[in-house]
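Chain by chain, the residues run as shown.
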Amino acid sequence: MFVDSHCHLDFPDLASREDEVLANMARNAVGCALCISVKLEDFPRVRSLAERHAHLWASVGVHPDNDGVEEPDVARLVALADHPKVVAIGETGLDYYWQKDAPEWQRERFRTHIRAARETGKPLIIHTRSAAEDTLRLMREERAGEAGGVMHCFTESWEVAQGALEQGFHISFSGIVTFRNAKELKEVARRVPLDRLLIETDSPYLAPVPHRGRTNEPAWVVHVAEEIARLRDEPLERIAQASTDNFFRLFRHAQRPA
Ligand SMILES: [Zn+2]
Ligand SMILES: [Zn+2]
């Protein structure tokens, strides 16, 4: 069985084909998925997916790219996370690629999420782009390691991966690892300890080879696992097993299906 540790099934491209997307998951042995929140206004839709389907879970948080949306405080995140199917806080983090002026509100929002994660004991889903140094620094300052979590859709160097691993974090690979030009990332995928590795689609974005350019969906996380198995010269079953075990160990509030 495979688990998609990060997808956006509430986004219109996937929500409009919910039955088909879930059927495709089943056909590809993608047994479970974590649906990721990006703004509080849409959180009820994410939570509803998790409430309606035993094999889906939800996170709660506000993405660092989202400007002009409801700004969460710690108490609000803690209250929304108090739900049996909400197993993580995020996605949160820093993104200086889309917010080139590196605004202070992004760092404040990130700190808020880390504090909420520590208070709830639910792990963090961290997004970082063009902001690795500040991301690792804030994680240390706010003691993110006490909550644990994952650096999702990882695209950084091995040094950044080490910085996250040292704080007890997991590293999640998306379809980007299947792209021919992702040489440095493929090297990171070879080196991450097997017990810290997760797989994801970040669908509807970033469809892996051989579906590159199409609307991504959780069923295709299999291609991410296949590429990692190839890079590490390991059987696919071993990558499937390890990434699934890691998922349920990290997101311990998610009940593993029998
Ligand atoms: Zn992200
Ligand atoms: Zn995402």
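The coordinates are above.
Residues numbered from 1 in each chain as written. Chains lettered and ligands numbered in written order. Predicted model: local features only at pLDDT ≥ 70, side-chain atom pairs only at ≥ 80, totals over all residues. Heavy atoms only, no water.

### Let's talk about the coordination of the zinc ion (ligand 1)
Point 1. Listed as protein donors to the zinc ion (ligand 1) are Glu-91 (OE), His-127 (ND1) and His-152 (NE2); their distances from the metal cover 2.0 to 2.1 Å.
Point 2. Ordering the donors of the zinc ion (ligand 1) by residue number gives the pattern E-x35-H-x24-H.
Point 3. The distance between the zinc ion (ligand 1) and the zinc ion (ligand 2) comes to 3.5 Å, with Glu-91 serving as a donor to both metals. Here His-127 lies in strand β5 (residues 124-129) and Glu-91 lies in strand β4 (residues 86-95), a separation of 36 residues in the sequence. (Donors = N, O, S within 2.8 Å, 3.2 Å for Na, K, Ca; no water. Helix = DSSP H or I, 4+ residues; strand = E, 2+ residues; numbered from the N terminus.)

### Let's talk about unusual backbone geometry
Point 1. Cis peptide bonds are those with omega within 30 degrees of zero, and the linkage from Gly-90 to Glu-91 qualifies with 10°.
Point 2. Its identity as a non-glycine residue notwithstanding, Ser-130 has a phi of 55°, on the positive side.
Point 3. Structurally, Ser-130 can be placed in the loop between β5 and α6 (132-141).
Point 4. Phi angles above zero are rare outside glycine, and Leu-206 is one such case at about 55°.
Point 5. For Leu-206, the location among the structural elements is in the loop between β8 (197-199) and α9 (221-232).
Point 6. In this structure Leu-206 comes out as partly exposed when scored by relative accessible area, which is 28%. (Buried < 20%, exposed > 50% of the residue type's maximum accessible area, 1.4 Å probe, protein only.)

### What about the sheet that holds β5?
Within a beta sheet, neighbouring strands are joined by backbone hydrogen bonds and run either parallel or antiparallel to one another.
Point 1. Spatially, eight strands are ordered β1-β2-β3-β4-β5-β6-β7-β8 in an open sheet, and the strand pairing comes out parallel. Each edge of the sheet is formed by a strand with only one pairing partner; in this case those strands are β1 (2-7) and β8. Going across the sheet, the axis of each strand differs from the next one's by a mean of 30°, ignoring polarity.
Point 2. Of the strand pairs in this sheet, β1 and strand β2 (residues 30-35) are connected by four bridges, and their pairing is parallel. Bridge pairing links Asp-4 to Ala-33 in β2.
Point 3. Those strands touched by helix α2 (residues 18-27) are β2 and β3 (56-60), and its axis lies near 135° from that of β2.
Point 4. Strand contacts of α9: β1, β2, β7 (170-173) and β8, with the helix running at about 145° to β8, the strand carrying the most contacts. (Pairing = 2+ DSSP bridges. Axes fitted to C-alpha atoms, helices over the stretch in contact; angles between N-to-C directions. Contact = heavy atoms within 4.5 Å.)

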